[in-house]
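Architecture at a glance
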Amino acid sequence: MQRYVIDNNKNTNVEDFQMRDMLLSKLKKRFTTYGYKQVRTSTFESYDMYSNIIGTVNKDEMIKVIDTSGKVLVLRPDVTIPLNRMTTLNGLTPDNQRLFYILDVFRQSHAEADEKESTQAGIECFGDNSAEVDSEVIMMAIHTFQDLGFSNFKLEIGHAGFFKELIQQANLNEHELESLQALIQSKNLVDIEPFLSQLNIDEDVRVAIQSIPMLYGNPENVIDQAKSIIRNDSMKEILQNLIDVYEILQAYGAENSVVFNLGLINNMNYYSGIIFQGFVDNIGKPVLMGGRYDNLGKQFNQPSPAVGFAFEVDLLIHAIQQQELAQPQSPVVDVIIHYNESKQQEALRSAYVLRDNGLQVLTYLNNKSATQIRSSYIAEFNESQNKLISRKIEKNFSNPEELLALLQKEEN
Ligand SMILES: N[C@@H](Cc1c[nH]c[nH+]1)C(=O)O
């Protein structure tokens, strides 16, 4: 028989779903405490928009669909771009400056052809380009990592402009630039030197570029080292921006969670300022990416400073499972009611009252087996008595209201 399975490992079971739901509610709660409001964007986007915008997802990685009128669409490959378009076109209001989303994005890289769909939980903050906002956004990411129980996570902070400024002085063609970016990204010190020597660039620019992969680690050390390769005022400003952000992170008490990496290069090319990636143990890829992208709005004819990030939810789940950070399994329901036929009316009325008060209830006639299902309480209705049982108590009650009162008292 044909097995119509497209993506086997995406068929998650109920337990995985519950754990995912718990994770998402933690993320939502945290984002909300920083004043962010949830939004969504359309699943279908115009292919033309993505192909005309500079610095977006690689065209080959987008998943295209054709609608009934023959128009080419793409499945949402990124959320930052449509949200940026939405806010720049609608104009900034107090309500749309701080937005968050939990949405699927669709991309298919050649390296990971099976992965087409992943969930991102992200935030975007529009309308302010201060170091305070950069730091607050980074702090929010750190706070979220802490909520999820990761003890050993790191945020690597860099700057999209630092590398770009240096590179401009080297006059590389597109192909050379791509190769150099790949070498720097993989910190391939062995190959960088010969690669740069065969290009026609100034000696001191070459030495400066060569030192970029080493600009990694303790922020204070990196800042000191970077000072020695500064070549113009823009680079000086960039370094000052990094210093400012670091000082504010120190004020938050978050300095131990960050390292500086001036060789950091993010996938998206729309970044113009500070950029960052988040890492946890045993996951070879960043589980979080973000940064400042002040120039993206200009492509919708409306400049708008903005900064944001997105967590890769599927990678987070993988990490949580690996590190066994998920809480022990919670009861499936609050109360299981067992009843005899003679007590049916009383038992079902009790179930109604409890459910009406927000409790999760399952009912079983004549002790029909429900032993597999975990519940915090069992309520028994039989000829002789009505009894509420939990690990801690065993108490009699005579009507639904009394049962509810008992449960409420126990929970307080
Ligand atoms: N959209 C980016 C993440 C991001 C959100 N905001 C800023 N950057 C990505 O998919 O990598």
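These numbers come from a predicted model, not from an experiment.

Considering the UniProt feature "binding site: L-histidine" (unreviewed entry) in the protein chain
Feature annotation in UniProt places "binding site: L-histidine" (unreviewed entry) on Asp 78, Val 79, Thr 80, Arg 107, Gln 120, Glu 124, Tyr 270 and Tyr 271, given in this structure's numbering. Note on placement: Asp 78 falls in the loop between strand 4 (72–75) and helix 3 (80–90). Excluding residues within four positions of it along the chain, Asp 78 makes contact with Tyr 50, Val 57, Val 105, Arg 107, Met 268 and Tyr 270. Within the secondary structure, Arg 107 is located in the loop between strand 5 (98–106) and strand 6 (117–126). Setting aside residues no more than four positions away along its own chain, Arg 107 makes contact with Val 57, Glu 61, Pro 77, Asp 78, Glu 115, Lys 116, Gln 120 and Met 268. Among the polar contacts made by the side chain of Arg 107, one reaches the main-chain carbonyl oxygen of Pro 77 at a distance of 2.7 Å.

Thoughts on the packing of helix 1 (residues 14–33) against helix 11 (residues 313–322)
At their nearest, the axes of helix 1 and helix 11 sit 11 Å apart, and the two run at 110° to each other. With respect to their mutual orientation, helix 1 and helix 11 come out roughly perpendicular. When helix 1 is examined against helix 11, the residues Asp 16, Met 19, Arg 20, Leu 23 and Leu 24 are found in contact with a partner set consisting of Val 313, Asp 314, Leu 316, Ile 317, Ile 320 and Gln 321.

Describing the sheet that holds strand 3 (residues 64–66)
Taken together, the 3 strands give an open sheet; going across it, the order is 2-4-3, and neighbouring strands pair in antiparallel fashion. Looking at the sheet topology across the chains shown, the edges are occupied by strand 2 (44–46) and strand 3. Between one strand and the next, the sheet's axes are offset by a mean angle of 45°, whatever the strand orientation. Judged from the 3 bridges that link them, strand 3 and strand 4 form a sheet pairing that is antiparallel. Each bridged residue has a counterpart across the sheet, and for Val 65 the counterpart in strand 4 is Leu 73.

Side note on unusual backbone geometry
In this model, Asn 171 sits at a positive phi of 50°, which is unusual for a non-glycine residue. Tracing the backbone shows Asn 171 in the loop between helix 5 (160–168) and helix 6 (174–185). The exposure class assigned to Asn 171 is exposed, which follows from its relative accessible area of 68%. The phi dihedral of Glu 324 is positive, around 50°, even though this residue is not glycine. According to the relative accessible area criterion, Glu 324 is exposed, its value standing at 68%.

Looking at the packing of aromatic side chains
Geometry of an aromatic ring pair is reported as the spacing of the ring centres plus the angle between the planes. Summed over the entire model, instances satisfying the criterion amount to 11 aromatic pairs. Relative to Phe 309, the ring of Phe 31 lies with its centre 6.1 Å away and its plane at 70°, an arrangement referred to as edge-to-face. Separated by 278 residues along the polypeptide, Phe 31 in helix 1 and Phe 309 in strand 12 (residues 306–312) bring together distant segments of the chain. Across this residue pair, the class does not change: Phe 31 and Phe 309 are buried.

Reading the values: rules and limits
- Residues numbered from 1 in each chain as written.
- Predicted model: local features only at pLDDT ≥ 70, side-chain atom pairs only at ≥ 80, totals over all residues.
- Heavy atoms only, no water.
- UniProt positions renumbered as here; feature names shortened; annotations may be inferred.
- Helix = DSSP H or I, 4+ residues; strand = E, 2+ residues; numbered from the N terminus.
- Contact = heavy atoms within 4.5 Å.
- Polar contact = N/O pair within 3.5 Å; in protein donor to acceptor, adjacent residues only side chain to side chain.
- Axes fitted to C-alpha atoms, helices over the stretch in contact; angles between N-to-C directions.
- Parallel < 35°, antiparallel > 145°, perpendicular 65-115°, else oblique.
- Pairing = 2+ DSSP bridges.
- Buried < 20%, exposed > 50% of the residue type's maximum accessible area, 1.4 Å probe, protein only.
- Phe/Tyr/Trp six-rings, centres within 6.5 Å; stacked < 30°, edge-to-face > 60°.

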